[in-house]
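# Per-entry structural report
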Amino acid sequence: MNILITGATGFIGSHTCVALLNEGHNLIAFDNFSNSDEKVLDHIKEISGKDFLFYNADMTDPVAMEKIFSENKIDCVIHFAGFKAVGESTQIPLAYYYNNIYGTICILKAMKAHGVKKIIFSSSATVYGKPAALPIKEDFALSATNPYGRTKLMLEEILTDLSKSDPEWSVMLLRYFNPVGAHKSGLLCENPKGIPNNLMPRILDVAFNIMPEITVFGNDYDTEDGTGVRDYIHVVDLAYGHVKAIDYVSAHTGTEAVNLGTGVGYSVLDLINTFEKVNSIKIPYVICPRRPGDIDACFADSSKAKELLNWTSELGIEDMCRDAYNAAKSIRQKE
Ligand code: WQD
């Protein structure tokens, strides 16, 4: 298939490009490099041994979106592009709504104008808010506690309404849990610009002496060791989930939400201890107060992904820690 990848040089987008190229798909990709590096394009081509068309474009530019669709026969869109930092979204909500909502509408209008009616949307477990029970199923109540999460929730609703208005549309809402890890080549990794928000990039900052220690946000949660529990999923497993989602939307219409998680929760201290063990490196930490908006625990019921997409995660927490460190090491050595 001819697949348009938005946000193609981002953490999950770049890993998914490799997985799709390996499956023989033709890619048309764009990114505005707001949170990624142009060098990622060469790394995707080096790993896959394949070439693809790339546009340096911004999804909030309707003329650029029209150009991409008028110059290419696109069968399906995988939509990764978007701002994604929870804390930042509370400081600049307008930028998040303009970019994530208006930008997506520009893409959808170009799709509609060119009869492209298949889209896989990069959603997030954040749409579950504070879950009433665990593990989390796709039919649980949805809510958001920050502007970033609200953009994901609103976009799920916009896509669902679009699909209801035209039964020819096929919409897949992939709800990622906590993506970590990196491609074994060491050429791709989570390399956010600025100060990282998430736990694994911060562990890596400690591993490479950029930060002296990890601040553990709270050890008084209702979990085994008191620290926050999350469903960490290897980004390579996540990327392959998109390959299976492409197969599904090719053969179906309507809207489906699917959790992409391992179904296993690990605490902050579990992740730190595993990282130390597999990489033989000390990660000092200090216990600090809770981070506003954090929840105690969150992990997926991933049975629907197995039934609908025939997908399950294969890589474990040790792989995630080893691959994240190896990639960060090789990327830093090149800088
Ligand atoms: C994980 C755990 C923190 C940093 C967010 C978004 C979600 C998705 C993934 C985009 C929590 C603890 C963290 C630190 C810590 N993003 N922590 N010290 O908040 O579960 O999810 O990122 O799609 O949508 O909501 O991920 O990595 O920030 O936190 O103790 O320096 O690590 O309290 O328990 P989170 P995270």
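First, a word on scope: everything that follows refers to the structure included in this document. Note that the coordinates shown come from a computational prediction; the quantities given were computed from them, not determined experimentally. (Residues numbered from 1 in each chain as written. Predicted model: local features only at pLDDT ≥ 70, side-chain atom pairs only at ≥ 80, totals over all residues. Heavy atoms only, no water.)

Broken down by element type, the chain carries eleven helices and 14 strands. The C-alpha radius of gyration of the chain comes to 19 Å, within 12% of the 20 Å expected for a compact globule of 335 residues. Dimensions of the chain along its principal axes, counting C-alpha atoms only, are 55 × 45 × 40 Å. Within the chain, the proportion of its 335 residues that are buried is 54%. Look at the contacts in the chain between residues 6 or more apart in sequence, and 80% of them connect residues 24 or more apart. Of the side chains in the chain, 31 bear a positive and 42 a negative charge, and the two mean positions are spaced by 1 Å. (Helix = DSSP H or I, 4+ residues; strand = E, 2+ residues; numbered from the N terminus. Rg over C-alpha atoms; globule rule 2.2 N^0.38 Å. Buried < 20%, exposed > 50% of the residue type's maximum accessible area, 1.4 Å probe, protein only. Contact = heavy atoms within 4.5 Å. Lys, Arg positive; Asp, Glu negative; His and termini not counted. Charge placed at Lys NZ, Arg CZ, Asp CG, Glu CD.)

Here the focus is the packing of aromatic side chains. Counting across every chain of the model gives six aromatic pairs. Between Phe275 and Tyr325, the aromatic rings sit 5.6 Å apart at their centres with planes inclined by 80 degrees, giving edge-to-face as the arrangement. Here Phe275 is found in helix α9 (residues 268–279), whereas its partner Tyr325 is found in helix α11 (residues 317–334), with 50 residues between them in sequence. Look at Phe275 and you get buried, because its relative accessible area is 0%. The cationic tip of Arg290 hangs over the ring face of Tyr221; the distance from NZ or CZ to the ring centre is 4.1 Å. (Phe/Tyr/Trp six-rings, centres within 6.5 Å; stacked < 30°, edge-to-face > 60°. Lys NZ or Arg CZ within 6 Å of the ring centre and 35° of its normal.)

This part covers the sheet that holds strand β11 (residues 254–260). Strand order across the open sheet formed by seven strands is β3-β2-β1-β4-β5-β6-β11, with parallel pairing between neighbours. Both edges of this open sheet fall to β3 (53–56) and β11, since each of them pairs with a single strand only. The mean inter-strand angle of the sheet, taken between neighbouring strand axes irrespective of direction, is 15 degrees. Pairing analysis gives seven bridges linking strand β6 (residues 170–176) to β11, with the strands arranged parallel. (Pairing = 2+ DSSP bridges. Axes fitted to C-alpha atoms, helices over the stretch in contact; angles between N-to-C directions.)

For the ligand, the set of nearby residues contains 18 residues, the closest of which are Tyr148, Leu199, Thr215, Arg230 and Asp294. At a separation of 2.7 Å, an oxygen atom of the ligand approaches a polar side-chain atom of Tyr148. Note that a nitrogen atom of the ligand is positioned 2.7 Å from one of the backbone N or O atoms of Thr215. About the coverage of the ligand: the protein hides 91% of its 680 Å² of free accessible area. Counting only elements with at least two residues in the shell around the ligand, the list comes to α7 (199–207) and β8 (214–217). A per-element tally of the shell around the ligand places β8 first, with three residues. A class-by-class count of the residues in the shell around the ligand yields seven nonpolar, seven polar and four charged. (Near = heavy atom within 4 Å. Polar contact = N/O pair within 3.5 Å; in protein donor to acceptor, adjacent residues only side chain to side chain. Areas by Shrake-Rupley, 256 points an atom, 1.4 Å probe, with all protein chains shown as cover. Nonpolar A, V, L, I, M, F, W, Y, C, P; charged D, E, K, R; others polar.)

By size, the foremost hydrophobic cluster in this structure holds 39 residues, and its most contacted members are Ile5, Ile120, Met172, Leu174 and Leu260. Looking at this core element by element, the count peaks at eight residues for helix α8 (residues 235–251). With sequence-adjacent residues up to four places away left out, Leu260 is seen in contact with Leu174, Arg175, Tyr176, Phe177, Ile233, Leu238, Gly241, His242, Ala305 and Trp311. Counting residues in each nonpolar core, the second largest holds 29 residues, with Leu4, Ala64, Cys106 and Phe121 among its members. (Core = buried A, V, L, I, M, F, W, Y, C linked by side-chain atoms within 4.5 Å.)

Scanning all chains against the criterion turns up 18 salt bridges. Between Arg332 and Asp205 there is a salt bridge whose closest N-O contact spans 3.3 Å. With Arg332 in helix α11 and Asp205 in helix α7, this pair connects stretches of sequence that are 127 residues apart. The partly exposed category is assigned to Arg332, whose relative accessible area is 28%. A relative accessible area of 10% means that Asp205 is categorised as buried. (Salt bridge = Lys/Arg side-chain N within 4 Å of Asp/Glu carboxyl O.)

Looking now at the environment of Thr255. Here Thr255 shows up in strand β11. Each C-alpha atom of the pair Thr255 and Leu309 lies 14 Å from the other, and the pair is 54 residues apart in sequence. With residues near it in sequence (within four places) discarded, Thr255 still touches Leu159, Thr160, Ser163, Val171 and Leu173. Looking at Thr255, its side chain comes within polar contact range of the side chain of Ser163, at 3.0 Å.

This part covers the side chain of His25. In this fold, His25 is placed in the loop between α1 (11–22) and β2 (26–31). In this structure the side chain of His25 is engaged in a polar contact, spanning 3.2 Å, whose partner is the backbone nitrogen of Met1. For His25, the contacting residues outside a window of four places in its chain are Met1, Ile3, Leu20 and Ile246.

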